[in-house]
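# Working through the structure, step by step
The residues making up each chain are set out below.
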Amino acid sequence: MVFFDRCLLFNRIMIDCTNRKFRIIIRFFQLMCLVCTMLSSVSLRHLRGFIAVAEQGSFTRAANRLGLTPPTLTATIRQFEDIIGMALFDRTTRQVALSAGGARFLPVARRLMADFEIALDDLDAQSKGLGGKVVVAAAPSVLTRILPQIIAEFNAAHPDASLRLDEMNAGEVHDAVARGEVDFGIAGDWKLLQDIQFEPLFSDHLGVVCRQDHPFANRKQVLWHELADYPFVGLGPESGTGAILALQGGGDAPLRPVVETSNTVTLCAMVAAGIGITILPELAARVEASRDLVFVPLGDPVRERHIGVIRRKNRSLSPIAGIFLDLVLSRAPTMKLAANLRWHLPG
């Protein structure tokens, strides 16, 4: 009744209205009311019945397949046709065939039912912790050095689960978590965002990355004030390392890069080409370092990058995402890595 009352109201307005644009708007709202009414009235019962009759070509056979009586199924299809305002089947005494509109709608109905069943299966798998999809955003060094071994163990234990890994800098990871685009992130403590929590996982020292023929290459440590004597290439402030340097500076003399980039692969290519030296955390440096590049720790003062798990506050993870995160937290600290990491273990 509400739908018809609204239609009558819109019709009265249309009769009294002389503005063409306004009449178009009213017509649009009439159409939206019709669509909303149809969507709220059509159920899975209607879709299942329609598909079964279309595939069996008989109300009797379709009713047997669905475990219904033929009169019940017939009433369901007639109700469906009344809701949408057209015949889905052309009926004769000998056969039931799809109408032109029914033939067009059949693939849509099949797709809707398939999507619904996939969604239910996914929810069931997640509730049991057996499957589902996990989306993680992380820093490049975490993706390449820490997660591969853990993912191999996870996939073996949960073959029905799927993983998506997005490589991002620290700022992008925080933003992706805040927007709900990923289940959780693993990256640097870049900036404070509302409703985002950062749980420290490990810390590694910052150091100089240079070519083997550079004067720093054979040193055990480089002091910050010595960096000012050489060209510098660096990461932008959207990265965790870039943010640390932007906040803390480079000692007495601020570091002004001759080249700035957002990618560590590009950064190390600049260093390998002799354009300048750079600063990276040890784990990232070990990932990108080649036989032509050397990592030398920085001192006076010693500075660290802090990597942690980034999550939305007061939001629980899906069961399968929680299982994967627990595996990361338990396995990562036991791994043998080229970098000297300081793990922040609970308790």
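These figures come from a predicted structure and were not determined experimentally.

## Remarks on the pairing of strand 6 (residues 196-211)
Examined bridge by bridge, strand 6 and strand 12 (residues 304-312) share 9 bridges and lie antiparallel to one another. Within strand 12, the residue paired with Ile 196 across the bridge is Arg 312. Relative to strand 13 (residues 342-343), strand 6 runs antiparallel, the two being bridged by 2 bridges. Each residue of the ladder has a partner; that of Ser 203, found in strand 13, is Arg 342.

## Structural notes on the nonpolar core
Counting 32 residues, the largest nonpolar core has Val 142, Ile 146, Phe 184, Ile 186, Phe 202 and Phe 324 as its most contacted members. Listed by contribution, the elements that provide at least two residues to this core are strand 3 (132-138), helix 7 (140-145), helix 8 (147-157), strand 5 (184-188), strand 6, strand 12 and helix 13 (319-331). Looking at this core element by element, the count peaks at 6 residues for helix 13. Among all residues touching Phe 184, those that are not within four sequence positions of it are Val 134, Val 135, Val 136, Ala 137, Val 177, Val 309, Ile 310, Arg 311, Leu 317, Ala 321, Phe 324 and Leu 325.

## Here we look at the pattern of salt bridges
Applying the stated criterion across every chain, the model contains 10 salt bridges. For the salt bridge of Asp 213 with Arg 211, the shortest nitrogen-to-oxygen distance reads 2.8 Å. The class of Asp 213 is exposed, set by a relative accessible area of 56%. Linked through salt bridges whose partners overlap, the residues forming this network are Glu 55, Arg 65 and Arg 110.

Thresholds, definitions, all that
- Residues numbered from 1 in each chain as written.
- Predicted model: local features only at pLDDT ≥ 70, side-chain atom pairs only at ≥ 80, totals over all residues.
- Heavy atoms only, no water.
- Pairing = 2+ DSSP bridges.
- Helix = DSSP H or I, 4+ residues; strand = E, 2+ residues; numbered from the N terminus.
- Core = buried A, V, L, I, M, F, W, Y, C linked by side-chain atoms within 4.5 Å.
- Buried < 20%, exposed > 50% of the residue type's maximum accessible area, 1.4 Å probe, protein only.
- Contact = heavy atoms within 4.5 Å.
- Salt bridge = Lys/Arg side-chain N within 4 Å of Asp/Glu carboxyl O.

Such coordinate-based values are descriptive only and should not be taken to indicate function.
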